[in-house]
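# Examination of the molecular architecture
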Amino acid sequence: MTTPTPRPNTPGTARSGVPLPGRHLPGAAGHGEPADPDRIRAEVRDLLAELGPVPNTGGAAGDDSVGADLARRAHILDQAHEVLVRALATVDKI
């Protein structure tokens, strides 16, 4: 009778010592709660709601408020992107 040898790279199993994607991030699987799709949707929806309508500047070039609004919008979109990146990092990859 022979002893079966384990098959390497069996789907659903991790080799010891090999880090899984996103395990190093706070809140990642193994470091807190897994991604909750409803919470993620709500967080992104709230951030996108902060964008509001695009202000009508009447096409005035060089208006400082346009640059400030653009920077604010970029910051909000960056925050929404980070929410999605963190969520993606918690998903087990196959």
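To be clear, the structure that these remarks concern was listed above.
No experiment lies behind these values; they were computed from the predicted model shown.

## What to know about the environment of leucine 51
As for its position among the elements, leucine 51 is in the loop between helix H1 (37-49) and helix H2 (64-90). Given the relative accessible area of 15%, leucine 51 is considered buried. C-alpha of leucine 51 to C-alpha of isoleucine 76: the two residues are 25 residues apart in sequence and 7.2 Å apart in space. In this structure leucine 51 touches Arg72, Arg73, Ile76 and Leu77, once residues within four positions along its chain are discounted.

## Brief notes about H2
Under the 1.5 Å per step criterion, the end-to-end length of H2 is 40 Å for 27 residues, consistent within 8% with the ideal 39 Å. Listed in full, the buried residues belonging to H2 are Asp69, Arg73, Ile76, Ala80, Val83, Ala87, Ala89 and Thr90.

## Points about the nonpolar core
By size, the foremost hydrophobic cluster in this structure holds 8 residues: Ile40, Val44, Leu47, Leu51, Ile76, Ala80, Val83 and Ala87. For this core, the elements supplying multiple residues, two or more each, are H1 and H2. With 4 residues, the top contributor of residues to this core is H2. Among all residues touching alanine 87, those that are not within four sequence positions of it are Ala35 and Ile40.

Rules used in this analysis
Residues numbered from 1 in each chain as written. Predicted model: local features only at pLDDT ≥ 70, side-chain atom pairs only at ≥ 80, totals over all residues. Heavy atoms only, no water. Helix = DSSP H or I, 4+ residues; strand = E, 2+ residues; numbered from the N terminus. Buried < 20%, exposed > 50% of the residue type's maximum accessible area, 1.4 Å probe, protein only. Contact = heavy atoms within 4.5 Å. Expected span 1.5 Å × (residues − 1). Core = buried A, V, L, I, M, F, W, Y, C linked by side-chain atoms within 4.5 Å.

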